[in-house]
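# Tertiary structure, described
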Amino acid sequence: MSMEVRDLFAALPTERDGFGPSAALTAAREQTRVTPLGGTANPAAWLVSRYEDVKTVLSNADLFGNEEAAPKFPGANGQEEVMAGSFLSYDPPKHTRLRRMLGGVFTHRRVQDLRPRVAEIVDAHLDAMARTGPPADLVADFALPVPSLVICELLGVPWEEREEFQDRSARMLNGDLGKEEQDRATLELYQYLGGLVVRTRAKPGDDVLGMLVTVHGDELSDAELTGMALLLLVAGHETTANMLSLGTVGLLTHPDQLTLLRQDPAAAVEELLRWLSVVSTSLVRTAARDTEIAGTTVHKGDLVVVSLTAANRDPRHFGDPDVLDMTRERKPHLAFGHGIHHCLGAPLARLEMQIAFPALFDRFPALALAQPAHEIQYRPKSAVFGPLALAVEW
């Protein structure tokens with residue numbers, strides 16, 4: 001393949017203009033609609049950026065598949081393959097088989113049952129911030145550990161092992177450490193989760209891994225259970241953590257919206273999800289046959305990636321899309337994706353944010369940035385947008 005997936009992501013205009021898409025990305029959406037990437041490479045690579053076009057691609061998993069261009073890892077036979085259990089990277093029927101096993105975990109009722117425990121975790125970290133006093137780094141002290149501990153609850157990580165688990169997950173997701181250190185932390189975490197799977201098989205609890213072992217244990221290999229656990233960690237931790245920190249910046253720089261947050265946390269979270277779109281793009285998809293997207297010919301084998309950031313700021317779908325407005329008419333956004341790969345943990349992410357944002361501002365009503373907003377450092381060229389650190393005071 002003449003264009004590697006890593007080269008494709010390097011070619012994407014993922015930089016931000018404030019919290020919105022960059023000027024280059026906005027121009028791609030408005031002028032070319034379906035934008036070629038990587039010159040005249042064969043297969044070609046395409047960026048799709050309008051709301052309706054993005055929905056079309058994400059809705060058609062048979063035509064635009066995930067698996068061929070998914071990240072590969074060393075397999076049991078020595079050849080690189082998609083990590084076992086990582087159903088986000090799979091196409092049907094393998095995707096369908098694994099996802100249905102987790103379908104009952106993230107129902108509205110099951111997620112609401114977690115509300116008291118999520119509130120306890122949020123309050124405990126706010127208590128710690130209050131004891132230490134200002135200034136605080138909201139990323140390290142609140143936004144990262146809260147979703148991490150929620151994931152620990154879901155996976156059944158023993159309490160005495162949570163600090164070590166959190167350290168490994170933080171290193172795995174910290175792009176500042178470099179690829180070698182991240183890969184080492186990923187391997188350590190994978191091995192830890194593999195050991196957790198073995199222990200869970202011996203004595204299943206009432207957590208997610210315990211449920212999978214009890215109900216589907218004969219259908220799932222240890223490698224699949226380990227890969228599913230690692231996927232849940234990454235998908236349920238990194239995105240929510242960045243929404244909590246980035247959403248706080250958005251609210252502090254738009255104080256008129258704070259009152260609306262307190263009045264209707266659910267509506268506020270939906271608007272923040274749309275406006276921030278912390279997940280910049282979809283996974284790379286591969287066209288299964290010759291087709292057209294918005295009049296542009298896409299050939300079999302071509303790579304296609306969609307911009308969620310640009311789609312969620314598309315003026316054809318959202319009025320005044322660059323304005324943070326929690327009173328706007330509720331229309332579906334694409335922050336959690338769309339179609340069969342729509343984020344399985346979206347109900348849990350919503351719950352965490354609906355609890356965490358009001359609790360943060362209720363505990364610290366005078367919360368303010370401890371540095372000018374324009375000096376906040378953000379992750380460069382990151383698939384998940386967010387601040388490296390966030391100094392706050394109260």
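Residues numbered from 1 in each chain as written. Predicted model: local features only at pLDDT ≥ 70, side-chain atom pairs only at ≥ 80, totals over all residues. Heavy atoms only, no water.

Each helix and strand in the protein was counted, giving 16 helices and 14 strands. Relative to its length of 394 residues, the protein is compact, with a C-alpha radius of gyration of 21 Å against a globular reference of 21 Å. Along the first, second and third principal axes, the C-alpha atoms of the protein reach 60 × 55 × 40 Å. Of the contacts made within the protein by residues no fewer than 6 positions apart, 70% connect residues no fewer than 24 positions apart. (Helix = DSSP H or I, 4+ residues; strand = E, 2+ residues; numbered from the N terminus. Rg over C-alpha atoms; globule rule 2.2 N^0.38 Å. Contact = heavy atoms within 4.5 Å.)

Attention now goes to the pairing of strand β4 (residues 45-48). Residues Ala45 and Leu47 of β4 are buried on one face, and the alternating residues Trp46 and Val48, pointing to the opposite face, are buried as well. Relative to β4, strand β3 (residues 34-37) is paired through four bridges, and the arrangement is antiparallel. Across the sheet, the residue bridging to Pro36 is Trp46, located in β4. Across four bridges, the pairing between β4 and strand β12 (residues 303-306) is parallel. In the sheet register, Trp46 faces β12, and the bridge partner there is Val304. (Buried < 20%, exposed > 50% of the residue type's maximum accessible area, 1.4 Å probe, protein only. Pairing = 2+ DSSP bridges.)

Moving on to empty space enclosed by the protein. Tallied over the full model, the rule gives two cavities of 30 Å³ or more. Space inside the second largest cavity adds up to approximately 40 Å³. If you go around the second largest cavity, the residues you meet are Leu114, Arg117, Val118, Ile121, Val150, Glu153 and Leu154. Only α6 (115-132) and α8 (145-155) provide two or more residues apiece to the lining of the second largest cavity. Among the residues forming the lining of the second largest cavity, the class breakdown is five nonpolar, no polar and two charged. (1 Å grid on protein atoms, 1.4 Å probe; cavity = no way out; pocket = protein on both sides within 12 Å on 5 of 7 lines; lining within 4 Å. Points joined across faces, edges and corners; volume = space filled by probe spheres on them. Nonpolar A, V, L, I, M, F, W, Y, C, P; charged D, E, K, R; others polar.)

This part takes up the packing of helix α10 (residues 179-202) against helix α11 (residues 208-216). In contact at an axis separation of 9 Å, α10 and α11 are set at 55° when each is read in the N-to-C sense. By the criterion of interaxial angle, the relationship of α10 to α11 is oblique. As α10 runs across α11, the sense of the crossing is right-handed. Here α10 contributes Leu196, Val197, Thr200 and Arg201 to the contact with α11, which in turn contributes Leu209, Gly210 and Val213. (Axes fitted to C-alpha atoms, helices over the stretch in contact; angles between N-to-C directions. Parallel < 35°, antiparallel > 145°, perpendicular 65-115°, else oblique. Left-handed = near helix turned anticlockwise from the far one by under 90°.)

What the rule picks out here adds up to 24 salt bridges. Here Lys94 ties to Glu67 by a salt bridge, and the two come within 2.5 Å at their closest N and O atoms. Of this pair, Lys94 sits in helix α4 (residues 94-102) while Glu67 sits in the loop between β5 (64-65) and β6 (73-74), placing them 27 residues apart in sequence. Note that Asp113 is salt-bridged to Arg109, the shortest N-O span being 3.5 Å. Salt bridges sharing common partners tie together Arg29, Glu30, Asp314 and Arg316. (Salt bridge = Lys/Arg side-chain N within 4 Å of Asp/Glu carboxyl O.)

For the rest of this paragraph, the subject is the environment of Arg285. In this structure, Arg285 sits in strand β9 (residues 285-287). Along the sequence, Arg285 and Ala61 sit 224 residues apart, while their C-alpha atoms lie 8.9 Å from each other. Contacts of Arg285, omitting those with residues within four sequence positions, involve Val57, Leu58, Phe64, Gly65, Asn66, Asp302, Leu303, Val304 and His341. At 3.3 Å, the side chain of Arg285 and the backbone oxygen of Leu283 are in polar contact. (Polar contact = N/O pair within 3.5 Å; in protein donor to acceptor, adjacent residues only side chain to side chain.)

Looking now at the nonpolar core. Membership of the largest hydrophobic core comes to 90 residues, with the highest contact counts inside it found for Leu102, Val122, Phe142, Leu155, Phe165, Leu193 and Leu212. No other element matches the 13 residues that helix α12 (residues 222-252) contributes to this core. Setting aside residues no more than four positions away along its own chain, Leu155 makes contact with Phe165, Leu193, Leu196, Asp207, Leu209, Ala229 and Leu232. Membership of the second largest hydrophobic core comes to 19 residues, among which are Val48, Tyr51, Leu63 and Phe318. (Core = buried A, V, L, I, M, F, W, Y, C linked by side-chain atoms within 4.5 Å.)

If you walk across this open sheet you meet the three strands as β8-β14-β13, and the pairing is antiparallel. In this open sheet, the two edge strands, each paired with only one partner strand, are β8 (136-137) and β13 (368-369). Here β13 pairs with strand β14 (residues 391-393) via two bridges, running antiparallel. Bridge pairing in β14 places Ala368 opposite Glu393.

Here we take up α11. Among the nine residues in α11, seven count as buried, and that is most of the element. Among all positions in α11, only Val208, Leu209, Gly210, Met211, Leu212, Val213 and His216 are buried. Looking at the buried side of α11, the elements it contacts are α4, α8, α10 and α12. The backbone nitrogen of Leu209 has a side-chain oxygen 3.2 Å away, supplied by the residue at the start of α11, namely Asp207.

Strands sit in the order β3-β4-β12-β9-β5 across an open sheet of five strands; the sheet is mixed. Every other strand in the sheet has two partners, leaving β3 and β5 as the edge strands with one partner each. Lying over the sheet, helix α3 (residues 51-59) contacts β4, β5, β9 and β12, oriented at roughly 125° with respect to β12.

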